[in-house]
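Residues per chain are reported as follows:
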Amino acid sequence: MEALVWFRSDLRLQDNPALRNAFEQAKNVHAVFIFSNNQLKKHNEANVKIDFLKSNLFLLEEKLDKLNVPLTIIDSDGFDNDASLIEQFIEKKNIKKVFWNNQFGEDEAIRDKLVKILLDKKNIDYETYNDQIIYEPGFLKTGQGLPYSVFTPFKRKWIENFEMDFLDIEYRYEARNNLDYSSNVRDFDFNYKKTHQVNMELWPAGEDEAETRLLRFLNEKAIDYSKNRNDPILDGTSRISPYLALGIISSKKCILEALKINNFEFNSGHIGVTKWIDEIVWREFYKNIMFSFPKVSKGQPFQDYSKTILWRYNEDEFNAWKEGKTGFPIVDAAMRQLLNEGWMHNRLRMVVAMFFTKNMLHDWRLGEAYFMQNLIDGDFASNNGGWQWSSSTGTDAAPYFRIFNPITQSTNFDKEGTFIKKYVPELKDLDKSVIHNPSIEHRKYCKYPEPILDLKESRLRAIDAFKTAKS
Ligand SMILES: Cc1cc2nc3c(=O)[nH]c(=O)nc-3n(C[C@H](O)[C@H](O)[C@H](O)COP(=O)(O)OP(=O)(O)OC[C@H]3O[C@@H](n4cnc5c(N)ncnc54)[C@H](O)[C@@H]3O)c2cc1C
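Please read all numbers here as calculations on a predicted model, not as lab measurements. (Residues numbered from 1 in each chain as written. Predicted model: local features only at pLDDT ≥ 70, side-chain atom pairs only at ≥ 80, totals over all residues. Heavy atoms only, no water.)

Novice: Any details on the pattern of salt bridges? Residues and values, ideally.
Specialist: Enumeration over the complete set of coordinates arrives at 30 salt bridges. Linking Glu106 and Lys298 is a salt bridge whose minimum nitrogen-to-oxygen distance equals 3.6 Å. Of this pair, Glu106 sits in helix α5 (residues 106–121) while Lys298 sits in the loop between α11 (271–292) and α12 (315–323); the two residues are 192 residues apart in sequence, bridging distant segments of the chain. What makes Lys298 exposed here is its relative accessible area of 53%. Across the pair Lys275 and Glu279 runs a salt bridge, and its minimum N-O distance is 3.7 Å. (Salt bridge = Lys/Arg side-chain N within 4 Å of Asp/Glu carboxyl O. Helix = DSSP H or I, 4+ residues; strand = E, 2+ residues; numbered from the N terminus. Buried < 20%, exposed > 50% of the residue type's maximum accessible area, 1.4 Å probe, protein only.)

Novice: Just give me the short version of the sheet that holds strand β4 (residues 97–101), but keep the residues and values in it.
Specialist: The strand order across the open sheet built from five strands is β3-β2-β1-β4-β5, with neighbouring strands paired in parallel fashion. Two strands close off the open sheet at either side, each with one partner strand: β3 (71–75) and β5 (125–129). On average, adjacent strands in this sheet sit at an angle of 25° to one another, irrespective of strand direction. On top of the sheet, helix α4 (residues 79–93) reaches β1 (2–7), β2 (28–35), β3 and β4; it is set at about 155° to β2, its chief contact. (Pairing = 2+ DSSP bridges. Axes fitted to C-alpha atoms, helices over the stretch in contact; angles between N-to-C directions. Contact = heavy atoms within 4.5 Å.)

Novice: Could you give me a rundown of the domain arrangement of the protein, with the residues and numbers involved?
Specialist: Domain boundaries in the protein define domain 1 (2–131), domain 2 (132–168 + 207–292) and domain 3 (304–470). Here domain 2 and domain 3 have C-alpha centroids that lie 27 Å from each other. In this complex, domain 2 contributes 21 residues to the contact, which on the side of domain 3 involves 23 residues. When domain 2 packs against domain 3, the two sides together hide about 1900 Å² of surface, and 60% of this comes from carbon and sulfur. Residues Glu341 and Arg239 are paired through a salt bridge, measuring 3.0 Å at the closest nitrogen-oxygen approach. Our count for the contact surface shared by domain 2 and domain 3 stands at eight residue pairs in polar contact (both at pLDDT 80 or more). (Domains from an automatic or database assignment. Buried area = accessible area lost by both parts, 1.4 Å probe. Polar contact = N/O pair within 3.5 Å; in protein donor to acceptor, adjacent residues only side chain to side chain.)

Novice: Which residues make up the site of the ligand, and what are the values?
Specialist: Taken together, 28 residues lie near the ligand, and Tyr225, Thr237, Ser238, Arg239 and Asn346 sit nearest. Interatomic distance of 2.6 Å between a side-chain N/O atom of Thr237 and an oxygen atom of the ligand. Ser241 places a polar main-chain atom, nitrogen or oxygen, 3.0 Å from an oxygen atom of the ligand. Within the complex, the protein chains bury 95% of what would otherwise be the 820 Å² of accessible surface of the ligand. Secondary structure elements with two or more residues in the shell around the ligand: α9 (241–245), α11, α14 (346–359) and α16 (380–390). Of the residues forming the shell around the ligand, the biggest block, six residues, is contributed by α11. Of the residues belonging to the shell around the ligand, the class tally is 14 nonpolar, eight polar and six charged. Taken together, domain 2 (132–168 + 207–292) and domain 3 (304–470) each give at least three residues to the shell around the ligand, which thus spans both. (Near = heavy atom within 4 Å. Areas by Shrake-Rupley, 256 points an atom, 1.4 Å probe, with all protein chains shown as cover. Nonpolar A, V, L, I, M, F, W, Y, C, P; charged D, E, K, R; others polar.)

Novice: So what about the pairing of β2? Which residues, and what values?
Specialist: In terms of residue burial, β2 counts as a mostly covered element, since eight of its eight residues are buried. Residue alternation in β2 divides its side chains into two sets, Asn28, His30, Val32 and Ile34 and Val29, Ala31, Phe33 and Phe35, and both sets are buried. Direction of pairing for β1 relative to β2: parallel, over a ladder of six bridges. Bridged to Phe7 within β2 is Phe33. Crossover connection from β1 via helix α1 (residues 17–25) to parallel β2: handedness right-handed. (Right-handed = clockwise from strand over helix to strand, strands pointing away.)

Structure (structure tokens):
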């Protein structure tokens, strides 16, 4: 039988149920990846993430080639086009069955529905799998049969239902006979123009690299994760997010390897390891929110009351925030980290998002979009969840009156000011006693801007705006 595996956000061989099942059932296996600049743009995908995607496709092709599975990249105008492109490929290669791993964003679900209708019409079999998170999205429900909207009970249920069999992911692929054509990945015109300034050596591509990175983190840093995860200069987190976002590694693999060093315990053992697994569960929580509450994919807040908040808009402030020139050193260092690395430390994502939505009182959707446009790990569900948490519009969100003070955050989490000095070099000569909030003289001397706003006043303005919306 001729089988087709349609790769999407699962650019790996290990723990890839669609690929594995195709190998188990079919003699000849073909592979496609549908690439669409239009679609990537519609979803605000970052230029750096597309760069990373491309490199990963090259490495995926090399791995598949060793198994005699040619990877065909197909150019598309967007999701509306994909069903007919799949149809053409099926006809050309006489495919009898199609395999894919589900994506469950709104647009992706609509696309897949169209593809299924077409395959049904043509009497072509297909099998689809859940590979992005442990349980099918929407599977875990509260006692009342409702989707969870609070993290802690979700996590409890997630652990209660967990079976160690889920982690039986080892599989040895046996190479197939050569097919009569080869991959087009090297000749394909991605029409890609690099506009980012990220040093890609920070993010080597490929699933071997993802696994090495995971194991290095677990062996060297995970035990101290609880202690070090909030200090941006320590680099105490895994930086695995870009690999999870494109499915270069699976969450099952992450959990399996973490459990191995924790005696297969979720609730005891090393607190650093259990805390890290919690974060993987946060990712699963937000994917469930996206699935069960479609409004969040339509630009709407989770909390209806927040629809009436009167957001401000000031272009100069917005630009200062984007460029890392707000005059608040920790905010500026974080925003420059984003531009330099395509990534930002989690604590700082919260700091800059709160600063944007509370102190600047700008609409969270603008910040959400800017993050997507610049993050190498851009993931709709986690990004939307993070922005709605920070702006107190989301599920299980920070209460609206909880507003991080960026200077206090800076003193607490970058005590020595080392992180600030790395990303805001104009402040490198300042002592740690002044670097978090330089005086007017220091600012002049360092050619560093005055603060764009008054923290106290802007805090009260935000509380007022939220209170009015709530009343
Ligand atoms: C405003 C805002 C926007 C965000 N946007 C994204 C995004 O687009 N893509 C993204 O992957 N994460 C996003 N996050 C979550 C988090 O900041 C990143 O996942 C994390 O910083 C990635 O670094 P790491 O791999 O070293 O994480 P680690 O601390 O090593 O955690 C391991 C993994 O757990 C998951 N994780 C960790 N924290 C969270 C969280 N708060 N929510 C959901 N999953 C989490 C990630 O998959 C991460 O790779 C956002 C958070 C905020 C506050």
